[in-house]
Amino acid sequence: MKNNTNTMKSKVIIPIAIAILVIASIATVLYNNSQKIKEKATAVPQGVSAMPVKVAAVEKRSPDNSLELSGSFEARQTLPLIAEAQGSIVQLNIKEGQNIHAGQVIARIDSTSVRSNLATAQAAYNNAVKNKERFQRLSEAGAISQKQYEDVALNVENARANVQSIQQQMNYTIIRSPMSGIVSEVRVERGSFASPGMQLGSVVDISRLKMVVKVSEQDVIKLKKGQPVAIKTEVYPEQTFNGTISLISVQADAGRKYNMEVEVPNNETFPLKAGMFGTARLNTQNTDSAEKIFIPRKAIVGSIQNPQVFVLNNDSTVTLKDIEVQNQNDDEVVVLKGLTTLEKVIIAGQINLQSGTKVRVVE
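Residues numbered from 1 in each chain as written. Predicted model: local features only at pLDDT ≥ 70, side-chain atom pairs only at ≥ 80, totals over all residues. Heavy atoms only, no water.

Draft legend 1. Representation of the packing of helix H2 (residues 112–141) against helix H3 (residues 146–172). Put simply, H2 and H3 touch, their axes get as near as 8 Å, and they point 160° apart. It follows from the interaxial angle that H2 and H3 lie roughly antiparallel. Between H2 and H3 the crossing geometry is left-handed. Residues of the contact of H2 with H3, tallied by class, amount to 16 nonpolar, 11 polar and 3 charged. (Axes fitted to C-alpha atoms, helices over the stretch in contact; angles between N-to-C directions. Helix = DSSP H or I, 4+ residues; strand = E, 2+ residues; numbered from the N terminus. Parallel < 35°, antiparallel > 145°, perpendicular 65-115°, else oblique. Left-handed = near helix turned anticlockwise from the far one by under 90°. Nonpolar A, V, L, I, M, F, W, Y, C, P; charged D, E, K, R; others polar.)

Next up, the structure:
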C-alpha cells in the first residue's frame, strides 16, 4: 500500500517540476529578448555620433525701424443708388463698368400720377390765393372778422406746402448719382417696378483707393495718421505707389491686430483695382535706437511667456537656457536677459535635444 502511495506522488511531482522548468525557460527567453530590444533602442547607429542641428549667431545691433505689412486694396467709398419714389422705371441710363459723375441722371421713374397730384395741388393753391384776396377786401371793409381772414390766409400756406411736397416727390422720380465713380452693379432693368428705399445698383470711387493691413499691438503704437507709406504690388513690381495713413483702428480684433488704412491715389498709367494685394513699407516712430540682442524667433523652445533656447557649447554639446525676451516682429525677438553675443543658438533640430546632448552643425 505504501509503495502505491509513493508511486502516485512521484507521478504528480514530475509533471509539476517539468512545468516549472518550462515556465522558467520561457521567462528567461522573454527577459533576454526584452534586454536586446532595449539595447537596440538605445544604441547609437554606426556612423552617427551626434544629432544634426542648425545654429544662428546671437546678434547685437540697433533695431530696424522699418516695417513691412501686407494687405489688400479696397475702394475708398462705395455708395448705393437708391430709389426714393414709387413707380415703373421708364428710363435707365447706366450699365456695369460705366463711368458716371456726381449728379448725373441714372434713371427716371414714371411720374404720371405725381404730375396729376401736382396739378390738383397747384389748382387748390391758386384757388386759396384768390379766396385770400377776396377775404382781405372784406376784412378791410369790416364785413368779416379778423379770425375769418386769418383762417383763409392759413389755407393758402397749407396749399403752398402741399404743392412743395408734391414737387419734391416729382424730383424723387429722377434718380441721380450721389458721387462720381464707376457703376459696380445694376440690379434692375427698364420696366422694373421701384419703391422707396429700393437699391437699383451701386457706384464705387476708385480715384483713390485704401489699402487695409493688420498691425500688431507692438507696432501700432509706433504709427501715426498722415505718415507716408511706400507700397509695392505684384501686378506692377517695378512701380512704387506713395500713400499716407488715413486711419488707425482704436480697437483690436480677435487676433489682437489693429486695422490700418493707407489712402493711395489711383492713376491711368498704373491702374489699381479693389481686391489687389500689396506690401506697405514704412518707418516706425521709434525713438529707442540703442543696440539690442536679437535671435531668430524659431530658436525659442516653449512659449514667449516662458522662453528657453538651446545654446551650442564649445564641446559640441548643448545647454538649455532660460531667457527673457521682447516681441520684435514675426521673425525675430529681442533678448533682454540670458544670452551674450558670443553664443550661438539652435534654430532647427531642437525636438530631439536635451541638455548635454552631442550635436553636429549642418548647413
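Draft legend 2. Focus on the nonpolar core. Of all hydrophobic cores here, the largest spans 21 residues; its most connected members are Ile231, Met260 and Val262. Counting only elements with at least two residues in this core, the list comes to strand S3 (66–82), strand S10 (199–216), strand S11 (228–233), strand S12 (240–248), strand S13 (257–265) and strand S14 (277–283). Setting aside chain neighbours within four positions, we find methionine 260 in contact with Leu69, Met211, Val212, Val213, Val215, Leu223, Ile245, Leu247 and Ile248. The next biggest cluster of nonpolar side chains, apart from the first, holds 16 residues, and it includes Ile106, Ile109, Ile175 and Ala194. (Core = buried A, V, L, I, M, F, W, Y, C linked by side-chain atoms within 4.5 Å. Buried < 20%, exposed > 50% of the residue type's maximum accessible area, 1.4 Å probe, protein only. Contact = heavy atoms within 4.5 Å.)

Draft legend 3. Representation of the pattern of salt bridges in the model. Evaluated as defined, the whole model comprises 13 salt bridges. For lysine 147, the salt bridge is made with aspartate 151, and the minimal N-O distance between the two is 3.0 Å. On the criterion of helical spacing, the pair formed by lysine 147 and aspartate 151 is a turn pair, its members being 4 residues apart in helix H3. Of the residues examined, aspartate 151 reaches a relative accessible area of 36% and is grouped as partly exposed. In this structure, arginine 208 engages glutamate 263 in a salt bridge whose closest nitrogen and oxygen atoms are separated by 2.5 Å. Here glutamate 263 lies in strand S13 and arginine 208 lies in strand S10, a separation of 55 residues in the sequence. Residue arginine 208 is classed as partly exposed on the basis of its relative accessible area, which comes to 30%. A relative accessible area of 21% means that glutamate 263 is categorised as partly exposed. (Salt bridge = Lys/Arg side-chain N within 4 Å of Asp/Glu carboxyl O.)

Draft legend 4. View of the sheet that holds strand S2 (residues 59–61). On the basis of which strands lie adjacent, the open sheet formed by 4 strands has the order S2-S15-S19-S18 and antiparallel pairing. Sheet topology places S2 and strand S18 (324–327) at the edges, where each strand pairs with a single neighbour. Within this sheet the neighbouring strands show an average axis-to-axis angle of 45°, counted without direction. Examined bridge by bridge, S2 and strand S15 (residues 292–296) share 3 bridges and lie antiparallel to one another. Note on S15: the bridge partner recorded for arginine 61 is lysine 292. (Pairing = 2+ DSSP bridges.)

Draft legend 5. Layout of the pairing of strand S8 (residues 181–186). Two strands pair when backbone bridges link them, and strand S5 (residues 99–100) and S8 are joined in this way by 2 bridges, in the antiparallel orientation. Across the sheet, residue asparagine 99 finds its bridge partner in S8, namely isoleucine 182. By the bridge criterion, 4 bridges tie S8 to S10 in an arrangement that is antiparallel. Each residue of the ladder has a partner; that of valine 186, found in S10, is glycine 201.

Draft legend 6. Looking closely at the packing of aromatic side chains. Throughout the structure, instances matching the rule amount to 2 aromatic pairs. Between tyrosine 236 and phenylalanine 270, the ring centres sit 5.4 Å apart and the planes meet at 75°, which makes this aromatic pair edge-to-face. Of this pair, tyrosine 236 sits in the loop between S11 and S12 while phenylalanine 270 sits in the loop between S13 and S14; the two residues are 34 residues apart in sequence, bridging distant segments of the chain. Looking at phenylalanine 270, the relative accessible area reads 29%, which means it is partly exposed. One aromatic cluster is present, built from ring pairs that chain together Tyr236, Phe241 and Phe270. The ring of phenylalanine 294 has arginine 61 lying over it, and the distance from NZ or CZ to the ring centre is 4.1 Å. (Phe/Tyr/Trp six-rings, centres within 6.5 Å; stacked < 30°, edge-to-face > 60°. Lys NZ or Arg CZ within 6 Å of the ring centre and 35° of its normal.)

Draft legend 7. Structural view of the sheet that holds strand S6 (residues 105–109). Read across the open sheet, the 4 strands follow the order S7-S6-S4-S9; overall the sheet is antiparallel. Two strands in the sheet have a free side with no partner beyond their single neighbour: strand S7 (174–176) and strand S9 (193–194). Of the strand pairs in this sheet, strand S4 (residues 87–92) and S6 are connected by 3 bridges, and their pairing is antiparallel. Its bridge partner lying in S6, isoleucine 89 is registered against isoleucine 109.

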